[in-house]
Amino acid sequence: MRSGSMESETRAKRCTWCGRKVDRDDGYRAYEPAGARAAVFCRLEHIVPWSIQGPVWEAGELETPEREDGEPLRCSLCDSELGEVHVLLVRHRGEFRIPDAFCSAEHMAEWAKKGGRWG
């Protein structure tokens with residue numbers, strides 16, 4: 001995915017956990033589309049303590065991405081089909097956007113504990 005295809009972000013954000021500046025083309029963005037909530041992380045590891053302390057979300061929206069093959073989104077941790085309420089995590093890496101989806105913030109945190117996609 002290329003920048004702009006999932007969100008239009010024009011300025012740097014702050015990490016929801018540590019407060020560090022997170023540039024537009026770096027870090028992770030978590031979204032709960034059904035609740036119009038979002039969180040920003042400078043590092044994947046910051047999702048874990050954020051979740052342990054009780055996730056604190058900010059207002060934020062993202063259109064749920066469609067899979068190119070038309071199949072429903074599935075949880076990156078347990079492979080269950082996602083319902084209306086789910087969490088998206090988008091890795092910003094330069095101009096690319098790498099999405100993963102989860103049943104819940106808890107599944108996102110468990111996935112992060114395991115090292116994410118590369119764990």
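Keep in mind that what you see is a predicted model, and the values were worked out from it rather than measured.

**What about the pairing of strand 4 (residues 37-41)?**
Logical step 1: Of all the 5 residues making up strand 4, 4 are buried; the element is thus mostly covered by neighbouring parts of the structure.
Logical step 2: Remark: 4 residues form the turn of the hairpin made by strand 3 (residues 28-32) and strand 4, two consecutive strands paired antiparallel; Ala36 in that turn has positive phi of roughly 50 degrees.
Logical step 3: Sheet topology places strand 4 next to strand 5 (residues 58-59); 2 bridges connect them, and they run antiparallel. The residue bridging Ala38 from the neighbouring strand is Glu58, located in strand 5.

**A closer look at the confidence of the model for the protein**
Logical step 1: Model confidence for the protein is summarised by a mean pLDDT of 86, while 82% of its residues fall at 70 or above.
Logical step 2: Of the regions scoring below 50 in pLDDT, residues 1-8 engages in 22 contacts with residues more than four places distant in sequence or in other chains.

**A short note on the packing of aromatic side chains**
Logical step 1: For the structure on display, the rule yields 3 aromatic pairs.
Logical step 2: Their ring planes at 75 degrees and their centres at 5.0 Å tell us that Phe41 and Trp50 sit as a pair that is edge-to-face. Neither Phe41 nor Trp50 differs from the other in exposure class; each is buried.
Logical step 3: Chaining the aromatic ring pairs together yields one cluster made of Phe41, Trp50 and Trp57.

**Focus: the side chain of Ser51**
Logical step 1: Within the secondary structure layout, Ser51 lies in helix 1 (residues 47-52).
Logical step 2: If near-sequence neighbours (up to four positions away) are discounted, Ser51 is found in contact with Ala105 and Ala109.

**Overview of the state of the cysteines**
Logical step 1: One pass over the full model with this rule turns up 0 disulfides.
Logical step 2: Free cysteine Cys42: the closest other cysteine sulfur is in Cys18, separated by 3.7 Å.
Logical step 3: Looking at the unpaired Cys75, the closest cysteine sulfur is the one in Cys103, lying at 3.7 Å.

**Remarks on the nonpolar core**
Logical step 1: Ranked by size, the top nonpolar core spans 29 residues in total, and within it Phe41, Ile47, Trp50, Leu89 and Met108 carry the most contacts.
Logical step 2: Ranked by the residues each element gives to this core, the list is headed by helix 2 (residues 105-113), at 5 residues.
Logical step 3: For Leu89, the contacting residues outside a window of four places in its chain are Tyr28, Arg29, Ala30, Leu44, Ile47, Ile98, Pro99, Asp100, Phe102, Met108 and Trp111.

Analysis parameters
Each chain has its residues counted from 1, following the order in which its sequence is written. Two thresholds apply to this predicted model, a pLDDT of at least 70 for residue-level local features and 80 or more for giving and counting side-chain atom pairs, whereas whole-chain, interface and lining totals are computed over all residues. Note that water and hydrogens are dropped before the side-chain values are worked out from all heavy atoms of the structure. For every residue, the accessible area (1.4 Å probe, protein chains only) is compared with the maximum for its type, and the residue is labelled buried under 20%, exposed over 50%, or partly exposed between those bounds. Segments assigned H or I by DSSP are reported as helices when at least four residues long, segments assigned E as strands when at least two residues long, and all are numbered from the N terminus. Whether two strands pair depends on DSSP finding at least two bridges between them. Each residue gets a pLDDT score, which is the predictor's confidence in that residue and runs from 0 to 100. Contacts were defined at the residue level, with two residues in contact if any of their heavy atoms lie within 4.5 Å. We call Phe, Tyr and Trp rings a pair once their centres come within 6.5 Å, taking the six-membered ring for Trp, and we label the pair stacked below 30 degrees between planes, edge-to-face above 60, and tilted otherwise. Criterion for a disulfide: a pair of cysteine sulfur atoms at a distance within 2.5 Å. Buried Ala, Val, Leu, Ile, Met, Phe, Trp, Tyr and Cys residues that are joined via side-chain atoms within 4.5 Å together make up what is termed a nonpolar core.

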